[in-house]
Amino acid sequence: MAMTNEPGDRPVEHDPHPDYLPPRKPWAEPYWEALPDGKLLLQHCEQCNAFAYPPVDERCSVCKSPTSWREASGQARLWSWIVFHHEFFAGYPLPAPYTVLMLELAEGIRMLATLAGAEPADLACDAPMEFLSREVAPGVFIPGFAPA
Amino acid sequence: MADRNHVLRGAASVIGVGSTDYAALRATGQPVAPLELASRAIRLALEDCQLDISDIDGLMTMNLLWDELALRESMQDLRVIAEYSAGGRWVVPALLQATESLAVGSADAIVVVLALSQLASYADSAAPGANTAFEAMHATGGPGAHSALMARRYSHEFGDCGAALREIAISNRSNANLNSRAVYQNRITADDYHAARYIADPLRLFDYCMVNDGAVALVLSRTAEHSAGRAVSIGGLAASARQGTHYSAPDFYFRQSQDAAAEMFAMADLTAADIDLIQIYDNYTPSVLFALDGFGFTERGSAGRFVEEGNITRSGSLPLNTSGGHTSEAYMQGMNLVAEAVTQLRGEAGERQVAGAATACFMCVTPLAGGCVLWR
Ligand SMILES: [Zn+2]
């Protein structure tokens, strides 16, 4: 962890892997490395065409064939969303209220993501959404979606 | 299947019930160890059916290590043993295992016991595998958040269910008002409900179960040997699981609920219309709607209107969670709801007694759905 603490300044933490992120696994590195470039990578099974998320280090859950990484279309339909008006998780960088989405990706799987670049008032169930990587702390990117 | 239904229908009965006093435990402010809570509940259940601990030859625990409990209670010669990681979705599978064990003579008297204590930690996010970690990066997670997602979606598909959720919370509290054991006995109004803070918008404080200390123990035995007296029979029961990546399901657990309901009602040889009162695992109020639809008490998507019409209140056509449910009596992960069903069917529910209640149905609707019909 690198930290700068100029006199009179609030400490600014640059933790590339804070506690709220999942443990980094070697087999999920392509996913993490693509987020700062604004890309969403999903594991894809060449055999049966199924996609997987979150990343799994096992074989395809449908047919047990090996998987490879593929850039997602970024297109999704909004299944539902919730708004947290209070902060329940110490150390999480996004202030309340923050919004969590459940999406149905064009690739046929469901995914949780954070609302990016829009307000809850802009949302509607079944509305088209598009992927937007969200930098929640310096150098820390998580998957987000915004109304298309 | 016909054979199996015939063998299991009514074969087992709940002959003893023991519940700790949740209000008194809360009032002391002193957390009690889970084993001590379980011990108290077992003692009460044995007193209730006038058995001795030496009569017990089966033990099923939830949130408890069976061997520690057996040692503490000096339980010897146990012939059937099971240890479930939690109550809730495990209640029906446990009752089914107990029923089968009794029906074929593997055991003669089985204790099913659950304890929850602030002195213990419970790791049960209900999100399988790596998915828990991928929820945390969005500062969300667990069934409570997924229930809120499903509530909004249910409103989108079937019409706004907000008023129905409010009425469930108010009805629960109204029932708890007549239950001296309930943790929260003060009535709430619609204004109170709306004034309470959001936990995960669209759900508010009163939509959520509490966290409290307590224990529930049931003693089960063969109906044939306890047909007289206060025994309440297990008429039919079934569970069905469809695990997905996420706790929330796009169909609100409809398919597994339908499967469990079909098997449960076939075993009991009854239909939903024959049930006098219901006990639904209301970890969060939307679960009530999913269970009503899924188990066929309402036409799919009409559970909200059914609730709004007042059917689930104590004086309604299908009284729900008559002891106050998980939002008002106690969060004993379904076991307090089964205990209340037995109390009602015995006609021992005092001021909150539902007149003429002869059949009851317990339901828990999660990725693993289950239901149990009880009758007197
Ligand atoms: Zn495959």
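Residues numbered from 1 in each chain as written. Chains lettered and ligands numbered in written order. Predicted model: local features only at pLDDT ≥ 70, side-chain atom pairs only at ≥ 80, totals over all residues. Heavy atoms only, no water.

Draft legend 1. Region of interest: the packing of aromatic side chains. With the rule as written, the count across this model stands at 22 aromatic pairs over all chains. Seen in terms of ring centroids, Tyr31 of chain A and Tyr53 of chain A are 5.7 Å apart; in terms of plane orientation they differ by 50°. Their pairing is tilted. One end of the pair, Tyr31 of chain A, is in helix 1 (residues 29–34); the other, Tyr53 of chain A, is in the loop between strand 4 (51–52) and strand 5 (67–71), with 22 residues separating them in the sequence. There is no split in this pair, since Tyr31 of chain A and Tyr53 of chain A are both buried. Seen from their ring centres, Tyr253 of chain B and Phe290 of chain B are 6.4 Å apart, and the 70° between their planes marks the pair as edge-to-face. On the criterion of sequence distance, the pair formed by Tyr253 of chain B in the loop between strand 8 (232–241) and helix 10 (254–268) and Phe290 of chain B in helix 11 (residues 286–294) is long-range, its members being 37 residues apart. As far as the burial class goes, Tyr253 of chain B and Phe290 of chain B line up, both buried. Grouped by ring-pair contacts, the aromatic residues Trp79 of chain A together with Tyr154, Phe158, Tyr247, Phe252, Tyr253 and Phe290 of chain B constitute a single cluster. The positively charged end of Arg110 of chain A is found above the aromatic ring belonging to Trp79 of chain A, 4.8 Å away from the centroid. (Phe/Tyr/Trp six-rings, centres within 6.5 Å; stacked < 30°, edge-to-face > 60°. Helix = DSSP H or I, 4+ residues; strand = E, 2+ residues; numbered from the N terminus. Buried < 20%, exposed > 50% of the residue type's maximum accessible area, 1.4 Å probe, protein only. Lys NZ or Arg CZ within 6 Å of the ring centre and 35° of its normal.)

Draft legend 2. Inspection of the state of the cysteines at higher detail. Scanning the entire structure with this criterion turns up zero disulfides over all chains. Take Cys364 of chain B: it sits in no disulfide, and the sulfur closest to it among the cysteines is that of Cys209 of chain B, at 11 Å. (Disulfide = S-S within 2.5 Å.)

Draft legend 3. Highlighting the pairing of strand 8 (residues 110–115) of chain A. All names here are of chain A. Counting buried positions over the six residues of strand 8 gives six, a clear majority of the element. Bridging between strand 7 (residues 98–105) and strand 8 involves five bridges; their strand directions are antiparallel. For Glu104, the partnering residue across the bridge sits in strand 8 and is Arg110. The antiparallel hairpin formed by strand 7 and strand 8 contains four residues in its connecting segment, where Gly108 sits at a positive phi of about 95°. The pairing of strand 8 with strand 10 (residues 140–147) spans two bridges and is classified as parallel. The residue of strand 10 that forms the bridge with Leu115 is Phe145. (Pairing = 2+ DSSP bridges.)

Draft legend 4. Looking closely at the domain arrangement of chain A. All names here are of chain A. As far as domains go, chain A holds domain 1 (25–71) and domain 2 (73–148). Between domain 1 and domain 2 the total buried area reaches about 960 Å² when both faces are included, carbon and sulfur atoms providing 76% of it. Summed over the shared surface of domain 1 and domain 2, the number is zero salt bridges. At the boundary of domain 1 with domain 2, the tally comes to one residue pair in polar contact (both at pLDDT 80 or more). At the level of secondary structure, the elements contributing two or more residues to the side of domain 1 that touches domain 2 comprise helix 1 and strand 4. Here the residues of the side of domain 1 that touches domain 2 sort into nine nonpolar, one polar and two charged. (Domains from an automatic or database assignment. Buried area = accessible area lost by both parts, 1.4 Å probe. Salt bridge = Lys/Arg side-chain N within 4 Å of Asp/Glu carboxyl O. Polar contact = N/O pair within 3.5 Å; in protein donor to acceptor, adjacent residues only side chain to side chain. Nonpolar A, V, L, I, M, F, W, Y, C, P; charged D, E, K, R; others polar.)

Draft legend 5. Just the interface of chain A and chain B, in detail. Facing the 34 residues of chain A at the interface are 29 residues of chain B. Summed over both sides, the interface of chain A with chain B buries roughly 2800 Å², with 68% coming from carbon and sulfur. Among the residues of chain A in contact with chain B, Trp79, Ile82 and Leu112 of chain A are the three that bury the most area, contributing 23% of the side total. At the junction of chain A with chain B, the criterion picks out one salt bridge. Across the pair Asp126 of chain A and Arg153 of chain B runs a salt bridge whose closest N-O atoms are separated by 2.8 Å. Across the chain A-chain B interface, the total number found is 14 residue pairs in polar contact (both at pLDDT 80 or more). Breaking the side of chain A that touches chain B down by element, the ones donating at least two residues are helix 1, strand 6 (75–84), strand 7, strand 8 and strand 10 of chain A. At eight residues, the largest contribution of residues to the side of chain A that touches chain B is made by strand 6 of chain A. Split by residue class, the side of chain A that touches chain B holds 27 nonpolar, four polar and three charged. (Contact = heavy atoms within 4.5 Å.)

Draft legend 6. Structural view of the coordination of the zinc ion. Residues and elements named next belong to chain A. The protein atoms that coordinate the zinc ion are Cys45 (SG), Cys48 (SG), Cys60 (SG) and Cys63 (SG), at distances spanning 2.3 Å. For the zinc ion, all donor residues lie on one chain, and their spacing in sequence is C-x2-C-x11-C-x2-C. In this pair, Cys48 is assigned in the loop between strand 3 (41–45) and strand 4 and Cys60 in the loop between strand 4 and strand 5, connecting sequence segments twelve residues apart. (Donors = N, O, S within 2.8 Å, 3.2 Å for Na, K, Ca; no water.)

Draft legend 7. Main features of the environment of Gly301 of chain B. Residues and elements named next belong to chain B. Position of Gly301 relative to the elements: it lies in the loop between helix 11 and helix 12 (303–308). Taking the C-alpha atoms as reference, Gly301 lies 8.7 Å from Phe290; in sequence the two are eleven residues apart. When neighbours within four sequence positions are excluded, Gly301 is seen to be in contact with Tyr154, Phe158 and Asp293.

Draft legend 8. Examining the sheet that holds strand 3 of chain A more closely. All names here are of chain A. As summarised here, the arrangement of the three strands in space is 4-3-5, forming an open sheet in which the pairing is antiparallel. Strands with a single pairing partner mark the edges of an open sheet, and in this sheet they are strand 4 and strand 5. Where strand 3 meets strand 4, two bridges bridge the pair, whose relative direction is antiparallel. Residue His44 lies in a different strand from strand 4, and its bridge partner there is Phe51.

Draft legend 9. Spotlight on the pattern of salt bridges. All names here are of chain B. Tallied over the full model, the rule gives 23 salt bridges over all chains. Arg79 is paired through a salt bridge with Asp108; the nearest N and O atoms lie 3.6 Å apart. Of the two residues, Arg79 sits in the loop between helix 4 (66–72) and strand 3 (80–84) while Asp108 sits in the loop between helix 5 (91–103) and strand 4 (109–116), which places them 29 residues apart along the sequence. With relative accessibility at 45%, the residue Arg79 sits in the partly exposed group. Judged by relative accessible area, which is 32%, Asp108 ranks as partly exposed. Taking the shortest distance from any N to any O, the salt bridge between Arg352 and Glu340 comes out at 2.7 Å. With Arg352 in the loop between helix 14 (335–345) and strand 10 (359–364) and Glu340 in helix 14, this pair connects stretches of sequence that are twelve residues apart. By relative accessible area, Arg352 is classed as buried at 8%.

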